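These are the residues of each chain, in order.
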Amino acid sequence: MTSLRGKTLFLGNFIRRRCVIDSRGTVVKNTNSFLSQKADLGLLGLNKLQANFQNRRPYFQFLSASILSSCVLYFIQKKRYTSANIDTYFWNDLGLRLGNALNLRAECAQSPGMRARFNFIADIVEQAQPAVVFLEVVKGNERYGLKQRASGSGFIVRSDGLILTNAHVVAGASRVQVCLNDGEKVQGVVQAVDQVCDLATVKVQRNNLPTLPLGKSSEVRPGEWVVALGSPFNLQKTVTAGIVSNPGRETMGNLTKSPPMIQHDAIINVGNSGGPLINLDGEAIGINTMTLTSGISFALPADLAVDFLNRAKRVEGKFPKPAPKRHYVGLGVMSLTPDLQMNLKKMAPNFPTNVEQGIVIGSVYVGSPAHQAGLVPTDVITHINGKVVTSTSDYFKAIETGEKITLQIARSTGVFKVSIVPEDVD
């Protein structure tokens, strides 16, 4: 830049020396007025250049610089035939203006365009993606004599290879293979599983891995931009974006009533479970866990994950067995509110239209008793053991005993009943 400016100022001084007095020609009347008009034209071009610099319009930038340069060349040609006693400072000023214009033109050429300025989501993905992993899981279910393959997502929270994911992704796994961002596949070991909050950790024998920090989910506000990373349908490195609809949606749960979840509208599907929900600061503020339908997705809050990781560290990855047995059906459920009912009728094609109360099934975990019974997301539980269901608390009370329960299910194709025996879990 400095060299270009110096050369331009030299050009201005050269013009001044050649054009101050030319004794070979005759003095033209109103020469100063004529030059002032041309200088105003050049100044107008410079102003247009400066105004359009903020808008990054290369065409107008080049045009404005060209106008100013053309004025200077026109003045030189004019002075071959005329002479005038021109103010020395005028040419110095013109040279300075030309130098500024050329410098500004060079800055415009090197400044970032619209893509670099506004693709903030791409910046977040580039920062966070190296810490996101793909999990291939083989599960053995002795009760049903099945060997099942499943997949999910996770992200690295410690550089020594500690990965955070959902419990339902790795629970009961006989083998877990972790695919890192660079394509390397390594064996993982499930260290800690908490079925209640649906979180788990997997450890791989690697060091100096990229990590994704956990943010404060308590500070999340409705309307915030969020990005979901994961591997839906085994499609690794998939990115979706949306906004937070509700940072504290109540009454979601699996075994018992879970803490409030983050509801958002970034699209997640099978395989996104365990992947991070990221804010614009590049922090994981949630762990994606389930979706009701397109536009209604849920993530476990990061504050819950921080507490889980602290407990896992204190017991060295092994949770003590609670005294009472807990009972597992394998459903994520939500109370059917009028607002939720209205949204599901518009967005979920399989949602029944003739129900007024009950609880909505948001997710059904593969291999669970509910899965074996044929239940699917958007089914509505209207009765349990013949009694009307109005909230998720009715469901949790019914499965506490561990005895067989009979569910009346409403679906778009009709109403039917299923019987389920909850599994005992530690």
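Residues numbered from 1 in each chain as written. Predicted model: local features only at pLDDT ≥ 70, side-chain atom pairs only at ≥ 80, totals over all residues. Heavy atoms only, no water.

## Considerations on the overall build of the protein chain
Secondary structure summary: the protein chain contains 11 helices and 22 strands in total. Across the 426 residues that make up the protein chain, the buried fraction comes to 46%. Intrachain contacts of the protein chain at a sequence separation of at least 6 include 67% that bridge at least 24 residues. Accessible area for the protein chain stands at about 21400 Å²; split by element, carbon and sulfur atoms hold 53% of it. (Helix = DSSP H or I, 4+ residues; strand = E, 2+ residues; numbered from the N terminus. Buried < 20%, exposed > 50% of the residue type's maximum accessible area, 1.4 Å probe, protein only. Contact = heavy atoms within 4.5 Å. Areas by Shrake-Rupley, 256 points an atom, 1.4 Å probe, with all protein chains shown as cover.)

## Considerations on the sheet that holds strand 9 (residues 225-230)
Pairing is antiparallel around the closed barrel formed by six strands, whose spatial order is 9-10-11-14-13-12. Across this sheet, the average inter-strand angle for adjacent strands is 45°, counted without regard to direction. Where strand 12 (residues 276-278) lies against strand 13 (residues 284-293), three bridges are found, and the strand directions are antiparallel. Of the residues in strand 13, the one forming a bridge with Pro276 is Ile287. Here helix 6 (residues 120-128) sits on the sheet and contacts strand 9, strand 10 (238-249) and strand 12; the angle it forms with strand 9, its principal contact strand, is near 40°. (Pairing = 2+ DSSP bridges. Axes fitted to C-alpha atoms, helices over the stretch in contact; angles between N-to-C directions.)

## Brief notes about the side chain of Asp379
On the secondary structure map, Asp379 appears in the loop between helix 10 (369-372) and strand 18 (380-384). Here the side chain of Asp379 touches Val376 through a polar contact of 3.1 Å, landing on its backbone nitrogen. Looking at Asp379, its side chain comes within polar contact range of the side chain of Arg411, at 2.8 Å. (Polar contact = N/O pair within 3.5 Å; in protein donor to acceptor, adjacent residues only side chain to side chain.)

## Looking at unusual backbone geometry
In this model, Phe233 sits at a positive phi of 55°, which is unusual for a non-glycine residue. Within the secondary structure layout, Phe233 lies in the loop between strand 9 and strand 10. Of the residues examined, Phe233 reaches a relative accessible area of 55% and is grouped as exposed. Of note in this structure, Asn385 is not a glycine but carries a positive phi near 55°.

## Concerning the nonpolar core
Counting residues in each nonpolar core, the largest one holds 39 residues, and the members touching the most others are Leu164, Leu199, Leu292, Leu344, Phe351 and Val360. Secondary-structure elements contributing two or more residues to this core are helix 6, strand 4 (146-158), strand 5 (162-165), strand 9, strand 13, strand 14 (296-301), helix 8 (302-314) and helix 9 (338-347). With five residues, helix 8 is the largest single contributor of residues to this core. (Core = buried A, V, L, I, M, F, W, Y, C linked by side-chain atoms within 4.5 Å.)

## Notes on a nonpolar patch on the surface
Where nonpolar side chains cluster on the molecular surface, the patch consists of Phe120, Trp225, Ile243 and Leu280 and spans about 330 Å² of accessible area. Relative to the helices and strands, Leu280 is located in the loop between strand 12 and strand 13. Among the residues examined, Leu280 registers a relative accessible area of 36% and is labelled partly exposed. (Patch = residues over 30% accessible without salt bridge, like charges linked within 9 Å, V, L, I, M, F, W, Y side chains within 5 Å. Salt bridge = Lys/Arg side-chain N within 4 Å of Asp/Glu carboxyl O.)

## Things to note about the pairing of strand 9
When you tally the buried positions in strand 9, you get five out of six residues, the bulk of the element. As paired elements, strand 9 and strand 12 share two bridges and run antiparallel to each other. Among the inter-strand pairings, Ala228 is bridged to a residue of strand 12, identified as Leu277.

## A few points about the packing of aromatic side chains
For any two aromatic rings, the description comes down to two numbers: the centre-to-centre distance and the angle of the planes. Enumeration over the complete set of coordinates arrives at two aromatic pairs. Considering the side-chain rings of Phe120 and Trp225, the 6.2 Å spacing of their centres and the 70° angle between planes classify their relative orientation as edge-to-face. Linking Phe120 in helix 6 with Trp225 in strand 9, this pair joins segments that are 105 residues apart in sequence. (Phe/Tyr/Trp six-rings, centres within 6.5 Å; stacked < 30°, edge-to-face > 60°.)

## Thoughts on the environment of Ser368
Positionally, Ser368 belongs in the loop between strand 17 (359-364) and helix 10. Sequence spacing of Ser368 and Leu331 is 37 residues, and the spatial spacing of their C-alpha atoms is 8.3 Å.

## Structural notes on the pattern of salt bridges
Applying the stated rule across the entire model yields five salt bridges. Where Arg311 meets Asp307, a salt bridge forms, and the shortest distance between an N and an O atom there is 3.2 Å. Here the residue Arg311 and the residue Asp307 both occupy positions in helix 8, the gap between them amounting to four residues, near one helical turn. Salt-bridge contacts for Arg411 lead to Asp379; the nearest nitrogen and oxygen are separated by 2.8 Å. One end of the pair, Arg411, is in strand 20 (residues 405-411); the other, Asp379, is in the loop between helix 10 and strand 18, and 32 residues separate them in sequence. Connected through shared salt-bridge partners, Asp194, Asp307 and Arg311 make up one network.

## Quick word on the pairing of strand 5
Burial of the side chains of strand 5 extends over both faces: Leu162 and Leu164 are buried on one face and Ile163 and Thr165 on the other. Where strand 5 lies against strand 8 (residues 199-203), four bridges are found, and the strand directions are antiparallel. Pairing of Leu164 across the sheet is with Thr201, part of strand 8.

## Describing helix 11 (residues 392-399)
For helix 11, the complete set of buried residues consists of Thr392, Tyr395, Phe396, Ala398 and Ile399. What you see down the axis of helix 11 is that its buried residues fit within an arc of 160°, all on one side. (Arc of directions from axis to C-beta.)

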